[in-house]
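Take a look at the letters that make up each chain.
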Amino acid sequence: MLFSSIPFLYYFLPLVLAVYFLTPRAGKNAVLFLSSLLFYAWGEPRFCIFMLLSIAQGYVFGRLIEKHAQNKKRSKLFLTASVALSLALLAYCKYADFFLSSVNAVTGLSFKLLHVTLPIGISFYTFQILSYVVDVYRGEVPAQKSFLKLGTYIAMFPQLIAGPIVRYVDVAAQIDARELDSENIFRGVTRFCIGLGKKVLLADHIGQVADQLLGGSFAGATSVGILLGMLAYMFQIYFDFSGYSDMAIGLGKILGFTFMENFRLPYTAKSITEFWRRWHISLSSFFRDYVYIPLGGSRCSRARQVLNLFAVWSLTGIWHGANWTFLAWGLWFFVLLTAEKLWLGKALSRLPRVFGHVYALLAVLIGWIFFNSRSLPDALGFLRALVVPGTGAPDGGAWLLL
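Every chain is numbered on its own, with residues counted from 1 as its sequence reads. Residues qualify for local features only when their pLDDT is at least 70, as the model is predicted, and side-chain atom pairs are given and counted only at 80 or more; totals for whole chains, interfaces and linings, by contrast, use all residues. Calculation of side-chain values draws on the structure's entire complement of heavy atoms; hydrogens and water are dropped beforehand.

Colleague: What is the right way to look at the overall build of the protein chain in this model?
Modeller: For helices the rule is a DSSP run of H or I covering at least 4 residues; for strands it is a run of E covering at least 2, with both sets numbered from the N terminus onward. Per the secondary structure count, the protein chain includes 15 helices and zero strands. Our radius of gyration looks at C-alpha atoms and nothing else; its globule reference is 2.2 Å times the residue count to the power 0.38. In terms of overall size, the protein chain behaves like a compact globule, its C-alpha atoms giving a radius of gyration of 23 Å where 402 residues would be expected to give roughly 21 Å. Residues count as neighbours in contact if any of their non-hydrogen atoms are within 4.5 Å of one another. The long-range fraction of contacts in the protein chain, counting pairs at least 24 apart against all pairs at least 6 apart in sequence, stands at 72%. Residue-level accessible areas treat just the shown protein chains as cover; the underlying method is Shrake-Rupley with a 1.4 Å probe. Summing over all exposed atoms, the protein chain offers an accessible surface of approximately 19,100 Å²; the carbon and sulfur share of this is 68%. Working convention for charge: Lys and Arg count positive, Asp and Glu count negative, and His plus the chain ends are omitted. We put the charge of a Lys on NZ, of an Arg on CZ, of an Asp on CG and of a Glu on CD. Side-chain charges of the protein chain comprise 35 positive and 20 negative groups, with the mean position of each set lying 9 Å from the other.

Quick look at the structure:
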């Protein structure tokens, strides 16, 4: 069920809000948890089992980690088990067929694909469970004693589809007690409507232009057509993703929660480092706090720092989808961020700001070519047609739309 769909806007949301506001404070978590399960089950009921199992293992291991906090070896064993179970489920659902097809392509074997259907939102709620058990292990939050409250945090429908990735430490107090007031409800409704407008009025229509310009073969496309198509896609993905984030933040406000901002005008960035401080902030902070810093972050040798960046951006790419194009997209940003840390950042700081802005926009646009392509050959073909005039047929594909 999409936030912009008729069933959500005209049936699900009004009914849930009516029940939620009429329910006494003690029962609001139960209403939110059950309505979130209903929201999740709308598309495919059987996937609720995956979510409930994930919540259950996070709950059990969180309690065990806290119970054995004085025994670091045992506590770490429980943490490892929880992380392994979460990642194993994510890997099976999202990457099993990708792995098998890659092995078949490289070796010439013919392993049968599993055709696993990807549960909606599994990447987001898996990361939320991971952040919860790790924070309990670190002693940053106490383990949640109530299965209902932990389930409410993980399954909460406003941020289930497209984030932001809400860390338990940020909403733990709000799960236990939150105030509903007319000002926050008004702000929430306003924010939701802004996000809905971004999605329906901008992203969906710009996306139609991008699909027409980029939907055919790159062999029949022109440089101008591909450039216009990528610019359209560049704004489509921003308005789509930031629109969903706005709707999630707005719904959270209506329900009494404050979620972190996920976008801060990313296309105004003047470097790739700044871009990733403004784009999908919750994901960037997750990888920073749970992967980059534990690996050593910047407090290590230059070679180790580069290796840490490589690990983070390989994982970031693959997290977005089971395709080599997403890995290439992640590694493209790894190369740029490494260059900025080593020398490019200082060089950009000496130039007028406009140069950094143009560089960042071009770099991001090239990255979106990989992100939007079906395969690496397609991505390379689009890049070649974009930068080498005359590689596409002047009477084919995107040219006809100009």
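Colleague: Help me out: how do you make sense of a positive patch on the surface in this one?
Modeller: A surface patch of like charges, here positive, comprises Arg277, Arg302, Lys341, Lys346 and Arg350. Within the secondary structure, arginine 350 is located in helix 13 (residues 324-350). Under the scheme applied here, a residue whose accessible area is under 20% of the maximum for its type counts as buried, over 50% as exposed, and between as partly exposed, the area being computed with a 1.4 Å probe on protein chains only. Judged by relative accessible area, which is 66%, arginine 350 ranks as exposed. What goes into a patch is any residue over 30% in relative accessible area without a salt bridge, connected to like charges within 9 Å or, for nonpolar side chains (Val, Leu, Ile, Met, Phe, Trp, Tyr), within 5 Å. Definition used for salt bridges: Asp or Glu carboxyl oxygen within 4 Å of a side-chain nitrogen of Lys or Arg.

Colleague: Just to check I follow, could you spell out the packing of aromatic side chains for this structure?
Modeller: Remark: the centre distance and the inter-plane angle together describe each pair of aromatic rings, the angle taken between the planes. Two aromatic rings from Phe, Tyr or Trp, using only the six-membered ring of Trp, form a pair when their centres are within 6.5 Å; if the ring planes differ by under 30 degrees the pair is stacked, by over 60 it is edge-to-face, and anything between is tilted. Applying the stated rule across the entire model yields 51 aromatic pairs. Ring geometry for phenylalanine 241 and tryptophan 279: centres 6.4 Å apart, planes at 75°, overall edge-to-face. Residue phenylalanine 241 is located in helix 9 (residues 223-255), and its partner tryptophan 279 is located in the loop between helix 10 (272-278) and helix 11 (281-292); the two are separated by 38 residues in the primary sequence. Among the residues examined, phenylalanine 241 registers a relative accessible area of 15% and is labelled buried. Its relative accessible area of 2% is what places tryptophan 279 among the buried residues.

Colleague: Teacher, can you tell me more about the environment of serine 110 here?
Modeller: Following the sequence through the fold, serine 110 ends up in the loop between helix 4 (72-107) and helix 5 (122-138). Owing to a relative accessible area of 71%, serine 110 belongs among the exposed residues under this scheme. The sequence separation of serine 110 and threonine 80 amounts to 30 residues, and the corresponding C-alpha distance is 33 Å.

Colleague: Even after reading the chapter, I still don't get helix 6 (residues 147-155), so can you show me in this structure?
Modeller: Quick reminder: α-helices carry 3.6 residues per turn. Residues three or four places apart thus point the same way. Where helix 6 is concerned, the buried positions are Leu150, Gly151, Thr152, Tyr153, Ile154 and Ala155. On its buried face, helix 6 sits against helix 2 (28-41), helix 3 (47-67), helix 5 and helix 7 (168-176). Counting of polar contacts relies on pairs of N or O atoms within 3.5 Å, with two restrictions inside protein: one atom must be capable of donating a hydrogen and the other of accepting it, and residues adjacent in sequence are counted only when both atoms are side-chain atoms. Two or three places before leucine 148, at the start of helix 6, stands the capping residue serine 146, its side-chain oxygen 3.3 Å from that residue's backbone nitrogen.

Colleague: What exactly am I supposed to notice about the packing of helix 13 against helix 14 (residues 353-372) here?
Modeller: To describe two helices that pack against each other, one gives the angle between their axes and the distance between the axes. At a minimum axis separation of 8 Å, helix 13 and helix 14 run at an interaxial angle of 165°. Comparing their axes, helix 14 and helix 13 come out roughly antiparallel. Between helix 13 and helix 14 lies a crossing of right-handed hand. Contacts between helix 13 and helix 14 involve Thr325, Phe326, Ala328, Trp329, Trp332, Phe333, Leu336, Glu340, Leu344 and Leu348 on the former and, on the latter, Gly356, Tyr359, Ala363, Val364, Ile366, Gly367, Trp368, Phe370 and Phe371. Broken down by class, the residue content of the contact of helix 13 with helix 14 amounts to 15 nonpolar, three polar and one charged. Only the stretch in contact is used when a helix axis is fitted, and all axes are lines through C-alpha atoms; the angle between N-to-C directions ranges over 0 to 180 degrees. Throughout, the term roughly parallel applies to angles under 35 degrees, roughly antiparallel to angles over 145, roughly perpendicular to angles from 65 to 115, and oblique to all others. If you view the pair so one helix is near and one far, a crossing is left-handed when the near helix is turned anticlockwise from the far one by less than a right angle, and right-handed when it is turned clockwise. Classes in brief: Ala, Val, Leu, Ile, Met, Phe, Trp, Tyr, Cys and Pro nonpolar; Asp, Glu, Lys and Arg charged; the others, Gly included, polar.

Colleague: Which parts of the structure should I look at to understand the layout of surface pockets?
Modeller: One simple way to see leftover space: roll a probe sized like a water molecule over the atoms. Here the largest pocket defines a volume of roughly 730 Å³. Using only the protein atoms, space was sampled on a 1 Å grid; points where a 1.4 Å probe fits but cannot get out form cavities, open sets with protein on both sides within 12 Å along at least five of seven lines form pockets, and lining residues are those with an atom within 4 Å of a point. As for the largest pocket, its lining consists of 28 residues, of which Phe124, Ile161, Ala162, Phe241 and His320 are closest to the centre. Listed by contribution, the elements that provide at least two residues to the lining of the largest pocket are helix 5, helix 9, helix 12 (302-320), helix 13 and helix 14. A total of six residues in the lining of the largest pocket trace back to one element, the largest contributor, which is helix 9. Residues of the lining of the largest pocket, tallied by class, amount to 19 nonpolar, six polar and three charged. Grid points are joined across faces, edges and corners, and a volume is the space filled by probe spheres set on the points.

Colleague: Whenever I open this one, the confidence of the model for the protein chain confuses me. Can you help?
Modeller: As a note on interpretation, predicted positions should not be read in detail where pLDDT is low. Mean pLDDT over the protein chain stands at 90; residues scoring 70 or higher make up 95%. Note on scores: pLDDT gives the predictor's confidence for each residue, bounded by 0 and 100. Mean pLDDT across the secondary structure elements of the protein chain bottoms out at helix 15 (residues 376-387), with 85, and peaks at helix 10, with 96. pLDDT under 50 marks residues 392-402. Its contacts with residues more than four places away, or in other chains, come to 25 contacts.

Colleague: Even after reading the chapter, I still don't get the packing of helix 6 against helix 7, so can you show me in this structure?
Modeller: At a minimum axis separation of 11 Å, helix 6 and helix 7 run at an interaxial angle of 125°. For the element pair helix 6 / helix 7, the angle class is oblique. Of the two possible hands of crossing, helix 6 and helix 7 adopt the one that is right-handed. The segment helix 6 lies against helix 7, with Lys149, Thr152 and Tyr153 engaging Tyr168, Val171, Ile175 and Asp176. A breakdown of the residues in the contact of helix 6 with helix 7 according to their chemical character gives four nonpolar, one polar and two charged.

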